[in-house]
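A structural walkthrough
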Amino acid sequence: IKEGNKYKWASNSKTKEFDELPLQHAIVSHEPGQILYVSEAILKSLIASVRFGINVIGASGGMFDASQKTFIHAVNTLKPSQIVLCPDAATKSNPNVLREYRKLNHLVKTLGYSLMVLDWGQGFSKEFKDIDEIESIEDAKLVAYSSWDCLADFDAYQNLDPNDWKNKKTIYSHSAWLGYIVTG
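Presented here is a report on the structure given in the accompanying data block. (Residues numbered from 1 in each chain as written. Predicted model: local features only at pLDDT ≥ 70, side-chain atom pairs only at ≥ 80, totals over all residues. Heavy atoms only, no water.)

Before going further, it helps to examine the packing of aromatic side chains. All told, the structure shown has two aromatic pairs when counted by the stated rule. For the ring pair Phe64 and Phe71, a centre distance of 5.5 Å and an interplane angle of 65° mean the geometry is edge-to-face. On the accessibility criterion, Phe64 (0% relative accessible area) is buried. Considering the side-chain rings of Tyr145 and Trp148, the 5.6 Å spacing of their centres and the 45° angle between planes classify their relative orientation as tilted. Here Trp148 and Tyr145 lie together in helix H4 (residues 145-148), a separation of three residues that amounts to about one turn. Here the two residues Tyr145 and Trp148 agree in accessibility, since each one is buried. (Phe/Tyr/Trp six-rings, centres within 6.5 Å; stacked < 30°, edge-to-face > 60°. Buried < 20%, exposed > 50% of the residue type's maximum accessible area, 1.4 Å probe, protein only. Helix = DSSP H or I, 4+ residues; strand = E, 2+ residues; numbered from the N terminus.)

So, in C-alpha cells, the structure goes:
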C-alpha cells in the first residue's frame, strides 16, 4: 500500500468471472436508460453514488482498460443513456491518468457511446474537489470528452515508437503546444 493515498485500493485482486482488476459497481437503479457515471478510485465511486443517488462505476487509477470485459458486461447489462466521466481534480496534469482516460474514451466509442465529462471546475490543481467531495452535481456542466481533453484522439499515435525520431517529431508536434511532452 502506497503511503499518502487518500484511499487504499486492492492491487492484487482479480474478478472471478473475467480474471481482471475489479471495478466498484455502485448501482442505485438497474432500470435501462439511466446515466452511468465513471470515476477514478473504488471507494470514491461508492461515496458519490450514495451522496447523489447515481449509478457509478469506479476503477483504481482510472484503469478501466484493465477491466474491459467487466466494464463491457456492466454497460451491456445496465444499458445506460450515456456514460459520463467524473475526473478528479488535477487529472489534466496527470499524464498517467489521462492516458487511462484516453483508453476509456476509445473503449466507450467501441460500445457505441460518446464519452461525456462532468466538469465542476476541477481544473489542473489538487486545490479543487473530487466527485466524492463536491456539494452537488447539479451545477456541473456536461462536456464532450473530445472538448475536455485536447489530445482525446491521441490514441491514434499510441503504437508509435517514441524512440524513433520521426515518431517523436509527430508526437511532439501534436503535444508540445500544450506545454508538455507525451512520450508514449
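So much for the structure itself; the text now carries on.
The next thing to look at is the environment of Asn76. The topology assignment puts Asn76 in helix H2 (residues 68-78). Along the primary structure Asn76 and Leu111 are separated by 35 residues, whereas in three dimensions their C-alpha atoms are 8.7 Å apart.

Another aspect to go through is the environment of Ile47. Position of Ile47 among the secondary structure elements: in helix H1 (residues 42-52). Ile47 gets classed as partly exposed once you look at its relative accessible area, which sits at 25%. Spatially, the C-alpha atom of Ile47 lies 5.7 Å from that of Asp132, the residues being 85 residues apart in sequence.

Moving on, we get to the pattern of salt bridges. A complete count under the given rule lists five salt bridges for this structure. Residues Lys44 and Asp88 are paired through a salt bridge, measuring 2.8 Å at the closest nitrogen-oxygen approach. Of this pair, Lys44 sits in helix H1 while Asp88 is found in the loop between strand S4 (82-86) and helix H3 (95-110), placing the two residues 44 residues apart along the sequence. A relative accessible area of 5% places Lys44 in the buried class. The shortest N-O distance in the salt bridge between Arg102 and Asp149 comes to 2.8 Å. Here Arg102 is found in helix H3, whereas its partner Asp149 is found in the loop between H4 and helix H5 (165-175), with 47 residues between them in sequence. For the pair Arg102 and Asp149, a shared accessibility class is recorded, and that class is buried. Salt bridges sharing common partners tie together Lys44, Asp88, Lys126 and Asp130. (Salt bridge = Lys/Arg side-chain N within 4 Å of Asp/Glu carboxyl O.)

A separate point is the sheet that holds S4. Read across the open sheet, the six strands follow the order S1-S3-S2-S4-S5-S6; overall the sheet is mixed. Each having just a single partner strand, strand S1 (24-26) and strand S6 (141-144) make up the two edges of the open sheet. Strand-to-strand twist in this sheet, taken as the mean axis angle between neighbours without regard to direction, amounts to 30°. Examined bridge by bridge, strand S5 (residues 116-119) and S6 share four bridges and lie antiparallel to one another. What sits directly across from Met116, in S6, is Ala144. Running over the sheet, H1 touches S1, strand S2 (35-40) and strand S3 (55-59) and is turned about 0° from S1. Packing of H2 onto the sheet brings it into contact with S1, S2, S3 and S4, and relative to S2 it is tilted by some 160°. (Pairing = 2+ DSSP bridges. Axes fitted to C-alpha atoms, helices over the stretch in contact; angles between N-to-C directions. Contact = heavy atoms within 4.5 Å.)

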